[in-house]
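# Inside the fold
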Amino acid sequence: MTIPTLDPMMTAAWEALDARADAFDPDLRAWFEADPDRASKWTKTAADLRVDLSKNLIDEGVLADLLALAQQCGVGELRDRMFAGEHINTTEDRAVLHTALRRPDTDELIVDGQDAIADVHEVLAKVYDFADRVRSGEWVGITGKAVKTIVNVGIGGSDLGPVMAYEALKPFVREGLECRFISNIDPTDAGETTKDLDPETTLVIVASKTFTTLETITNAKVVRDWFLSSLREKGLAQDEAGEKEAIARHFVAVSTALDKVAEFGIDPNNAFGFWSWVGGRYSVDSAVGTSLAIAIGPDGFEEFLAGFNAIDEHFLNAAPEQNVPLLMGLLNVWYSNFLGADTHAVLPYSQYLHRFPAYLQQLTMESNGKSVRRDGTPVTYETGEVFWGEPGTNGQHAFYQLIHQGTRMVPADFIAFANPAWPLKDGEADMHELFLSNFFAQTKALAFGKTSEEVRAEGTPEAIIPARVFTGNRPTTSIMAASLTPRVLGELIALYEHITFVQGAVWGIDSFDQWGVELGKVLAKQILPAITGDTDALAAQDSSTRGLIEFYRANRA
């Protein structure tokens with residue numbers, strides 16, 4: 001048995017792929033013409049997702065080497081250790097158990113002496129009970145009015161996940177409820193979000209595991225000040241007791257730091273916990289998704305979790321050659337490490353998924369933007385990809401030019417649904433069919449391009465033929481489902497979670513820490529006194545930072 005290595009370059013499969021890449025001359029046109037069954041051979045199913053890999057730059061030889069690379073790097077073993085609750089987050093000595101958040105309550109998983117599944121369902125029951133009380137109107141504010149607006153205050157995973165999922169599932173949101181989100185410490189964010197709200201019908205969720213996250217707690221204090229001052233203007237909450245009651249009825253927390261929650265003024269009974277083995281970017285299906293659970297209801301949230309779990313089961317049990325997250329993760333390694341791709345586009349043909357690329361930016365780049373392996377040794381190959389994207393068809397009129405005819409290869413994932421939430425017509429034309437014709441056309445054009453002979457046959461003047469040639473062989477993956485439902489959204493998120501895992505496992509890195517986020521936070525706290533007038537702190541700064549601070553102080557009105 002081959003012992004897995006943390007350095008993929010030491011494997012025979014890496015060497016084989018390197019040699020294969022040097023001689024690789026992909027020709028999607030020729031491949032499709034030679035094999036009428038190519039599309040069916042390379043189309044896979046994962047739960048409700050139909051995933052067409054046929055327009056990728058891959059053949060049977062590349063696939064065999066990639067699967068060998070996964071085996072030689074121990075991807076399967078690390079996956080099994082993750083699902084079992086072992087401490088695969090090495091730098092923080094923690095289990096990695098976002099998959100436990102969506103397992104059924106009939107399961108059991110003992111981690112560090114606790115049944116993680118039982119703990120998860122205890123919190124879920126509390127979240128669901130609270131969601132039902134808000135949705136039914138049983139939970140009311142201090143003036144007896146039901147909640148109409150939920151303001152989620154968080155940052156990173158405590159914001160990107162909930163806001164993405166809320167936007168994606170708007171057709172399932174209870175009528176009369178609205179969610180808003182505050183994350184940026186820029187005061188504009190809190191100001192614009194709260195300026196037209198009625199404090200009597202507003203519920204604020206403060207999401208911070210430690211209740212010390214600088215941006216979240218600063219914004220929470222700003223929202224609390226807005227809330228209390230607005231009540232005073234209405235002649236409400238005029239004394240300390242009234243303020244305390246108002247905060248207790250209008251503020252809840254997602255946190256495990258109950259002492260700090262109480263110090264803020266939130267009743268600890270109205271705090272929903274999660275665990276150290278849940279990374280922020282993997283937490284939307286935990287209590288961090290309380291705003292979503294209220295918006296779409298416990299039944300909808302259960303469906304959401306079921307979608308995650310369906311892909312978890314697929315990733316855990318499907319044969320390697322049919323395992324969609326494994327295959328897509330390995331394809332990304334092929335493009336990044338052997339074919340020179342630096343970025344990866346995610347292009348949802350659904351306006352409801354307009355925040356999905358931003359969500360994936362954190363998931364993928366915070367996870368795999370690492371330059372040391374799990375044992376602390378430096379990597380000697382590329383890790384991570386720059387993920388980006390916008391919904392179609394907007395992107396077609398912005399950056400698709402570069403994807404089609406630029407000098408950079410940009411692998412792209414196209415996502416679409418057969419049934420829209422709004423089946424509108426433009427006169428006699430079905431708008432969704434017009435929309436999807438663009439989806440189908442783009443992957444076809446990227447794969448097969450347009451030759452000079454085809455351009456010439458259209459009567460194009462010789463001088464401009466080169467400008468109208470499309471080389472093709474631009475790789476894409478097409479992901480489709482019947483409809484964008486809570487379950488399907490859960491499946492999509494879990495799919496990319498496991499794609500990210502596969503890449504990190506091949507690269508031998510810890511995909512579950514994020515020390516690169518910490519340094520800026522520490523320096524910000526050190527620099528703040530210099531901004532507020534401490535001359536010694538200002539003098540201690542480098543000349544560039546000092547000059548920027550001096551400009552700010554001179555120009556601050």
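Residues numbered from 1 in each chain as written. Predicted model: local features only at pLDDT ≥ 70, side-chain atom pairs only at ≥ 80, totals over all residues. Heavy atoms only, no water.

Rule in force here: UniProt positions are given in the numbering used here, feature names are shortened, and annotations may be inferred rather than shown by experiment.
An unreviewed UniProt entry lists the protein chain under the name Glucose-6-phosphate isomerase, with Schaalia cardiffensis F0333 as the source organism. Word for word, the UniProt comment on the protein chain under Catalytic activity (unreviewed entry) is "alpha-D-glucose 6-phosphate = beta-D-fructose 6-phosphate". Database annotation for the protein chain, UniProt heading Function (unreviewed entry): "Catalyzes the reversible isomerization of glucose-6-phosphate to fructose-6-phosphate."

### Focus on helix 19 (residues 518–531)
For clarity, the threshold we go by: Runs of E in the DSSP output that reach at least two residues are strands. Runs of H or I that reach at least four are helices, and both are numbered from the N terminus. Expected span of a helix, by definition, is 1.5 Å for each gap between consecutive residues, and there is one gap fewer than residues.
Taking 1.5 Å per residue, 14 residues should reach 20 Å; helix 19 reaches 20 Å between its end C-alpha atoms and fits that length. With its phi angle positive at about 120 degrees, G533 sits one or two positions after the end of helix 19.

### So, the nonpolar core
In summary, soluble globular proteins display a tendency toward joint burial of nonpolar side chains. Keep this limit in mind: In this text, buried Ala, Val, Leu, Ile, Met, Phe, Trp, Tyr and Cys residues form a nonpolar core when linked through side-chain atoms within 4.5 Å. Burial status follows relative accessibility: with a 1.4 Å probe on protein chains alone, a residue under 20% of its type maximum counts as buried, one over 50% as exposed, and anything between as partly exposed. Domain segmentation is taken from an automatic or database assignment of domains. A contact between two residues is defined here by any heavy atoms of the two lying within 4.5 Å.
Core analysis: the largest hydrophobic core is formed by 125 residues, its most contacted members being W277, W334, F356, L489, Y496 and F501. Residue contributions to this core peak at 13 residues, all from helix 18 (residues 486–507). Of the residues that make up this core, three or more belong to each of domain 1 (27–86 + 299–507) and domain 2 (127–296). Residues in contact with F356, not counting those within four places in the same chain, are M164, V346, I415, L492, I493 and Y496.

### A short note on the layout of surface pockets
This is how the line gets drawn: A pocket here means an open set of points on a 1 Å grid, computed over the protein atoms alone, that has protein on both sides within 12 Å along at least five of seven lines. A cavity is instead a set of points where a 1.4 Å probe fits but cannot get out; residues with an atom within 4 Å of a point line either one. Grid points are joined across faces, edges and corners, and a volume is the space filled by probe spheres set on the points. Think of it as three bins: nonpolar holds Ala, Val, Leu, Ile, Met, Phe, Trp, Tyr, Cys and Pro, charged holds Asp, Glu, Lys and Arg, and polar takes everything else, Gly as well.
Roughly 1,000 Å³ of internal volume is contained in the largest pocket. Considering the residues around the largest pocket, the lining is formed by 40 residues, among which T213, G280, Q514, E518 and K521 are closest to the centre. Secondary structure elements with two or more residues in the lining of the largest pocket: helix 7 (157–168), helix 9 (214–233), helix 14 (356–368) and helix 19. Residue contributions to the lining of the largest pocket peak at 4 residues, all from helix 19. Here the residues of the lining of the largest pocket are counted per class, giving 15 nonpolar, 16 polar and 9 charged. One number sums up the size of the second largest pocket: a volume of about 570 Å³.

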